[in-house]
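Overview (structure and organization)
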Amino acid sequence: MGNGLPLMPEHDPRLLVVDDDPGMRALAERFAQRHGYQVIAREGGHELLTELPAIRADVALLDRNMPELGGLDILRAIRKADPTCQVILMTAEATVDSAIEAVKLGALDYLAKPLNLERLGELLGTVREGIASRRLLLAADMALATQCEFCGMVGRGPAMQELFDLIRRLAPHARTSLITGETGTGKELVARALHKSGPRHKGRYVAFNCAAITESLAQTELFGHARGAFTGAVDAKAGLFEHADGGTLFLDEVGELSLSVQAQLLRVLENGEVQRVGALDGKRIDVRVIAATNRTLADEVAAGRFRQDLYYRLNVVEIPIVPLRDRREDIVYLTAAFVREFAARFGKQVLGLLPGAERLLHNAPWPGNVRELRNVIERACMRSEGGMLSEREVLKALGGARPEAVAAGPAAVSVVPCAEPSPELTRPIIVQALQQESGNRSAAAKQLRISRRALYRRMQALDIS
Ligand SMILES: Nc1ncnc2c1ncn2[C@@H]1O[C@H](COP(=O)(O)OP(=O)(O)OP(=O)(O)O)[C@@H](O)[C@H]1O
Ligand SMILES: [Mg+2]
């Protein structure tokens, strides 16, 4: 891919075979192994149900009639335990009724015994391609994420492209600027980008968090102090302004500075001169000041907590960052970039996200913005056993208790078959449903639990009038 992307690790698809007939199990096992599958064979029974979530099969081949638990019961359990697993049922006596039931439950296909191995081979191939194409998709997202990266910031949508343009335009001019945005939107990254892509990139970049410090300490940290300026000031000390001379000083959370430090800051900005605490004269400095805040400074001014003149001074160039919920088009690329980062860090073979998981991320409210998304992907990758991240894993990483995130999505649990069932299977089912509903397509669609449009599409494909 040429972007320095790690090759996506291979992962053998996994097939679960459940049949009480050992001969059948052995046959399916040999056959699937030849198709590159890792096979887990079980004879059925209730123990299997507790084991299901751990098996993590990509596809299950289930016998319809077994003494203890039938294939349909296992199919239902799989739907709950692992909604992304594809299911193929096998039966000695295929009837339209049981086929309908299977399809309603989301089975991929229904095979008669003795097995048509050619058809089984096709199905296994389709499932494997489905996994491979999702893997390709993630690789493509990762490549795009790399392409749309600017100074470590990923952003493909219009909001971020505008932001990148603004940074490129502002960077050469070393003007004082104010970055505004909610927590976790990337203000610190923007400050670094301004520094790195400007003429001062060889100078120092000094970051100072105005919130993490008391008023008197903030003063001496920023402006330094003269020798003997106060008890304990044995030596003179340069402040951060002097350190950053010729470079950039980033004042994070500038809204937290006390009014008196604000006054001193304004003086430095206006005179281009810094005076150490207790010193008699000032020193000329050449520092680009970038401030950031997640407060609305205009409100702070109105409340008397922020100096209006300093606000005007900083606000000449404002760089607003849009919250993540208002640029959801970036989520997939941010996710791809973070999966790449954390899969490598934890040494996990995380291949990507299943569609349900992706949808969950796309619809979550993200009050903590990109930082929160990054943390969620970190947690999910840390706990992942490899393969595709499922909806369940992402939900857990989101904290599990995020009903609004789930409710916002079209469906809490989605079943996305990666292949259409075979026409021999679907044709009689659709015809029967239409006959039972006297040709009423809406009713037939409802009975089949598919949308009307999906029913039309299939009727057309199968030439049913
Ligand atoms: N566009 C982006 N691409 C990649 N990573 C991002 C992006 N935006 C933010 N991040 C990551 O999200 C995290 C939070 O970013 P940052 O610290 O810059 O946010 P912030 O706006 O300064 O937040 P706060 O107001 O809480 O200080 C960081 O780990 C950062 O690397
Ligand atoms: Mg920050």
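Structure report, in brief.

Criteria and thresholds
- Residues numbered from 1 in each chain as written.
- Chains lettered and ligands numbered in written order.
- Predicted model: local features only at pLDDT ≥ 70, side-chain atom pairs only at ≥ 80, totals over all residues.
- Heavy atoms only, no water.
- Near = heavy atom within 4 Å.
- Polar contact = N/O pair within 3.5 Å; in protein donor to acceptor, adjacent residues only side chain to side chain.
- Areas by Shrake-Rupley, 256 points an atom, 1.4 Å probe, with all protein chains shown as cover.
- Helix = DSSP H or I, 4+ residues; strand = E, 2+ residues; numbered from the N terminus.
- Nonpolar A, V, L, I, M, F, W, Y, C, P; charged D, E, K, R; others polar.
- Domains from an automatic or database assignment.
- Axes fitted to C-alpha atoms, helices over the stretch in contact; angles between N-to-C directions.
- Parallel < 35°, antiparallel > 145°, perpendicular 65-115°, else oblique.
- Left-handed = near helix turned anticlockwise from the far one by under 90°.
- Contact = heavy atoms within 4.5 Å.
- Pairing = 2+ DSSP bridges.

1. Considering the site of ligand 1
- Near ligand 1 you find 18 residues, and of these Val154, Thr183, Gly184, Lys187 and Arg371 are the closest.
- Between ligand 1 and the protein, one listed contact pairs a nitrogen atom with a backbone N or O atom of Val154 at 2.9 Å.
- At a separation of 2.5 Å, an oxygen atom of ligand 1 approaches a polar side-chain atom of Thr183.
- In isolation ligand 1 exposes 640 Å². Once the protein is present, 86% of that is buried.
- Mapped onto the shell around ligand 1, the elements with two or more residues apiece are strand E7 (153-154), helix H7 (187-196), helix H13 (331-346) and helix H15 (369-383).
- When the residues that make up the shell around ligand 1 are grouped by side-chain class, the tally is seven nonpolar, six polar and five charged.
- In terms of domain composition, the shell around ligand 1 takes at least three residues from each of domain 2 (158-324) and domain 3 (328-408).

2. Description of the packing of helix H6 (residues 158-170) against H7
- Contact geometry of H6 with H7 gives a least axis separation of 9 Å together with a crossing angle of 40 degrees. Taken together, H6 and H7 sit at an angle that is classed as oblique. The chirality of how H6 crosses H7 is right-handed. Only Val190, Ala193 and Leu194 of H7 make contact with H6, whose side of the interface consists of Leu163, Ile167 and Leu170.
- Residue composition of the contact of H6 with H7, by class: six nonpolar, no polar and no charged.

3. A word on the sheet that holds strand E8 (residues 177-180)
- In spatial order, the strands read E9-E12-E15-E8-E16; together these five strands make up an open sheet with parallel pairing. Looking at the sheet topology across the chains shown, the edges are occupied by strand E9 (205-209) and strand E16 (318-320). The sheet shows a mean angle of 20 degrees between the axes of neighbouring strands, direction not considered.
- Relative to strand E12 (residues 248-252), E9 runs parallel, the two sharing five bridges. Pairing of Asn209 across the sheet is with Asp252, part of E12.
- Those strands touched by H6 are strand E15 (288-293) and E16, and its axis lies near 155 degrees from that of E16.

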